[in-house]
Amino acid sequence: MADPWDTLSPELQRHYENMQDDLYDGLGQPVVRATRQALERGQPPANILAYGLVAGMDVVGKDFGAGVLFVPEVLRAANAMKATMEVLRPLLVETGVPRIGTAVIGTVKGDIHDIGKNLVAMMWEGAGFEVINLGTNVDADKFINALREHRASLLGMSALLTTTMPYMGTVMERLRAEGLREKVKVLVGGAPLNEAFAEDIGADAYCKDAAEAVTAARAFVALSR
Ligand code: B1M
């Protein structure tokens with residue numbers, strides 16, 4: 001199958017490459033401007049996310065891992081990405097789809113990465129879920145209380161660090177101990193996770209990206225009806 005990138009015009013490819021460079025340099029305003037221009041040219045938010053933002057952040061991540069970039073530069077890039085996601089938010093969230101359920105989502109204890117989690121939250125809202133976004137550094141008590149308070153049937157957990165992903169297992173144990181496990185479908189995601197890990201902790205699904213998180217959430221809702 002052809003790579004979707006190859007189907008873009010050379011001009012659009014250049015547009016996205018410039019966006020990636022500006023994101024790398026942490027230049028919020030130019031990235032926001034480029035996003036608006038791409039929308040005006042009829043580009044869907046999914047393309048802007050994939051080719052402009054996520055692709056740019058991948059390069060940041062690689063250079064961060066290689067010691068080329070440091071925390072302040074990564075933070076600037078992250079802030080540029082967050083500002084741009086706010087431009088896309090209305091398109092991802094306000095789709096007019098009827099409400100199909102309530103979901104609680106958060107980044108687990110010890111972890112402050114929230115860009116991917118927020119993207120999942122926005123896309124779940126767009127798919128029709130009422131989303132209770134608990135933010136970052138969320139412990140088991142906070143997850144449990146929110147699930148009870150909002151009578152949610154879906155829990156999303158995010159972790160970006162190999163040191164914080166095991167905490168998802170702790171939350172799973174608490175769900176079982178509190179008698180909530182049978183009432184809630186648990187979806188997990190984040191760069192260091194994989195299917196085997198999700199299976200190991202007893203989660204219902206591992207979601208590679210926000211699009212998979214939407215597909216899995218919809219499938220669970222359909223099954224419960
Ligand atoms: Co951090 N960081 N960071 N960081 N950071 C990583 C994760 C790292 C891989 C970078 C690297 O070394 N190459 C590395 C982790 C290594 C490891 O554990 N294996 C790392 C490290 C080491 C650290 C610190 C320890 C650095 C330090 O202080 N020395 C520190 C930890 C702080 C903490 O959490 N306690 C730290 C700090 C930071 C910043 C604050 C500077 C910033 C975060 C800002 C923020 O989020 N507000 C940051 C960033 C930006 C990154 C990278 C560069 C980018 C992450 C990101 O936003 N990606 C990251 C490198 C990388 O991931 N390649 C890195 C874009 C985002 C859209 O993708 O989050 O993967 P992602 O989300 C995807 C999927 O994973 C999935 O869907 C999303 C969208 O498609 N998904 C879910 C995510 N959550 C989901 C939940 C679901 C479903 C799907 O629920 C159902």
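In what follows, the structure referred to is the one given above.
Report on the accompanying structure. (Residues numbered from 1 in each chain as written. Predicted model: local features only at pLDDT ≥ 70, side-chain atom pairs only at ≥ 80, totals over all residues. Heavy atoms only, no water.)

What follows is about the sheet that holds strand β5 (residues 205-207). Reading across the sheet, the five strands line up as β2-β1-β3-β4-β5 and stay open at both edges, with parallel pairing between neighbours. On the outer flanks of this sheet lie β2 (129-133) and β5, each paired with one strand and no other. Each strand axis lies, on average, 25 degrees off the axis of its neighbour in the sheet, ignoring direction. Bridge count for strand β1 (residues 101-107) against β2 is five bridges, and the pairing is parallel. When the sheet's bridge partners are listed, Ala 103 is paired in β2 with Val 131. On top of the sheet, helix α5 (residues 115-127) reaches β1, β2, β3 (154-158) and β4 (185-189); it is set at about 155 degrees to β2, its chief contact. Its contacts with the sheet place helix α7 (residues 167-177) against β3 and β4, and it is angled at close to 155 degrees to β3. (Pairing = 2+ DSSP bridges. Helix = DSSP H or I, 4+ residues; strand = E, 2+ residues; numbered from the N terminus. Axes fitted to C-alpha atoms, helices over the stretch in contact; angles between N-to-C directions. Contact = heavy atoms within 4.5 Å.)

Take the site of the ligand next. As a matter of local geometry, the ligand sits amid 34 residues, with Gly 61, Ile 112, His 113, Asp 114 and Ser 158 nearest to it. Gly 61 is positioned such that a nitrogen or oxygen atom in its backbone is 2.9 Å from a nitrogen atom of the ligand. With respect to the pocket detection grid, the ligand is positioned in the largest pocket. Within the residue set of the shell around the ligand, elements represented by two or more residues are α3 (45-65), α4 (71-93), α5, β3 and β4. For the shell around the ligand, the element with the most residues is α4, which contributes six residues. The residue inventory of the shell around the ligand, partitioned by class, reads 19 nonpolar, ten polar and five charged. Among the domains, domain 1 (7-95) and domain 2 (101-224) are the pair contributing at least three residues each to the shell around the ligand. (Near = heavy atom within 4 Å. Polar contact = N/O pair within 3.5 Å; in protein donor to acceptor, adjacent residues only side chain to side chain. 1 Å grid on protein atoms, 1.4 Å probe; cavity = no way out; pocket = protein on both sides within 12 Å on 5 of 7 lines; lining within 4 Å. Sits in = over half its atoms within 2 Å of the grid points. Nonpolar A, V, L, I, M, F, W, Y, C, P; charged D, E, K, R; others polar. Domains from an automatic or database assignment.)

The next point concerns unusual backbone geometry. Phi is positive for Asn 137, which is not a glycine, with a value near 55 degrees. Looking at where Asn 137 falls in the secondary structure, it is placed in the loop between β2 and α6 (140-150). Its relative accessible area of 44% is what places Asn 137 among the partly exposed residues. Positive phi, normally seen in glycine, also occurs at Arg 151, with a value near 50 degrees. Counting through the fold element by element, Arg 151 comes out in the loop between α6 and β3. Judged by relative accessible area, which is 75%, Arg 151 ranks as exposed. (Buried < 20%, exposed > 50% of the residue type's maximum accessible area, 1.4 Å probe, protein only.)

Keep in mind that these numbers describe shape and distance, not what the molecule does.
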